[in-house]
Amino acid sequence: MKRFPVNLQSPMSSANPEGRSITAPLAHRVAAGADAAQIASAVVNVWHEIDDALTPIVGAGGVVALYQRSLHLTAAAYPGLALKANGGGPAQLQSLLAQQNPADAAASGSAFLLTFHGLLSSLVGPSLTERLLRSVWAPLSSGPPPQDSPS
C-alpha cells in the first residue's frame, strides 16, 4: 500500500519527536489518494479509540472536557475546526474535516490529536499518557513500517 502523500505531521510535531509517533497511527490508517472524508473518518476513529481507552479512567465527562478543550486550542491555529456554540462532538469534527481539502484535513486532524496528547500529558504526565494511550498507538506501530510500492 502506498503511503499517503500529504504530510500528516503538524508543524509542532517536527520539533517534537513524540509528535511523530502520536500521528503515526493516523498515517497508517490513510491510504494514498485518500480524500478529506477518508482522512476525517480516520481521525474520528482514532478519537473513538482514545475515548474508549480513557473513559474508564477519567469518566465520560472528563474525556468530553479534554476533547472540547483540545478542539478549542487547535481551532486557534486551524479555524476550520471551530465548532458551533452548542459544542458538537466527533460527528461534527468529522463533518468539519471532510469539508476541507485533503492536505488541510490531514494537518488539522493531526494537530487536534497532538493537542489532545499534549493537554493530557500536561495533566497526568508523559509516562502515564503513553501508558493510557498505548492501546491506540501500539497495534498500528508494531512491526515493520509499510513499504511504498514502486510507481
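Everything below is about the structure shown above.
Peer 1: In this structure, what is going on with the overall build of the protein chain? I would like to understand it.
Peer 2: Of regular secondary structure, the protein chain possesses six helices and zero strands. Taken from the N to the C terminus, the helices and strands of the protein chain come in the order α-α-α-α-α-α. Contacts in the protein chain between residues far apart in sequence, at least 24 positions, make up 69% of those at least 6 positions apart. Summed over all atoms, the accessible surface of the protein chain reaches about 7,600 Å², with 59% contributed by carbon and sulfur.

Peer 1: In this structure, what is going on with the packing of helix α3 (residues 36-77) against helix α4 (residues 90-98)? I would like to understand it.
Peer 2: Pairs of packed helices are described in terms of their axes, by the angle between the two and the distance that separates them. For the pair α3 and α4, the least separation of the axes is 9 Å and the interaxial angle reads 150°. Judged by the angle between their axes, α3 and α4 are roughly antiparallel. Here α3 runs over α4; the crossing is right-handed. Contact residues: Ala 36, Ala 37, Ala 40, Ser 41, Val 43, Val 44, Trp 47, His 48, Tyr 67 and Leu 71 in α3; Pro 90, Leu 93, Gln 94, Leu 97 and Ala 98 in α4. Looking at the contact of α3 with α4 residue by residue, the class counts come to twelve nonpolar, three polar and no charged.

Cut-offs applied
- Residues numbered from 1 in each chain as written.
- Predicted model: local features only at pLDDT ≥ 70, side-chain atom pairs only at ≥ 80, totals over all residues.
- Heavy atoms only, no water.
- Helix = DSSP H or I, 4+ residues; strand = E, 2+ residues; numbered from the N terminus.
- Contact = heavy atoms within 4.5 Å.
- Areas by Shrake-Rupley, 256 points an atom, 1.4 Å probe, with all protein chains shown as cover.
- Axes fitted to C-alpha atoms, helices over the stretch in contact; angles between N-to-C directions.
- Parallel < 35°, antiparallel > 145°, perpendicular 65-115°, else oblique.
- Left-handed = near helix turned anticlockwise from the far one by under 90°.
- Nonpolar A, V, L, I, M, F, W, Y, C, P; charged D, E, K, R; others polar.

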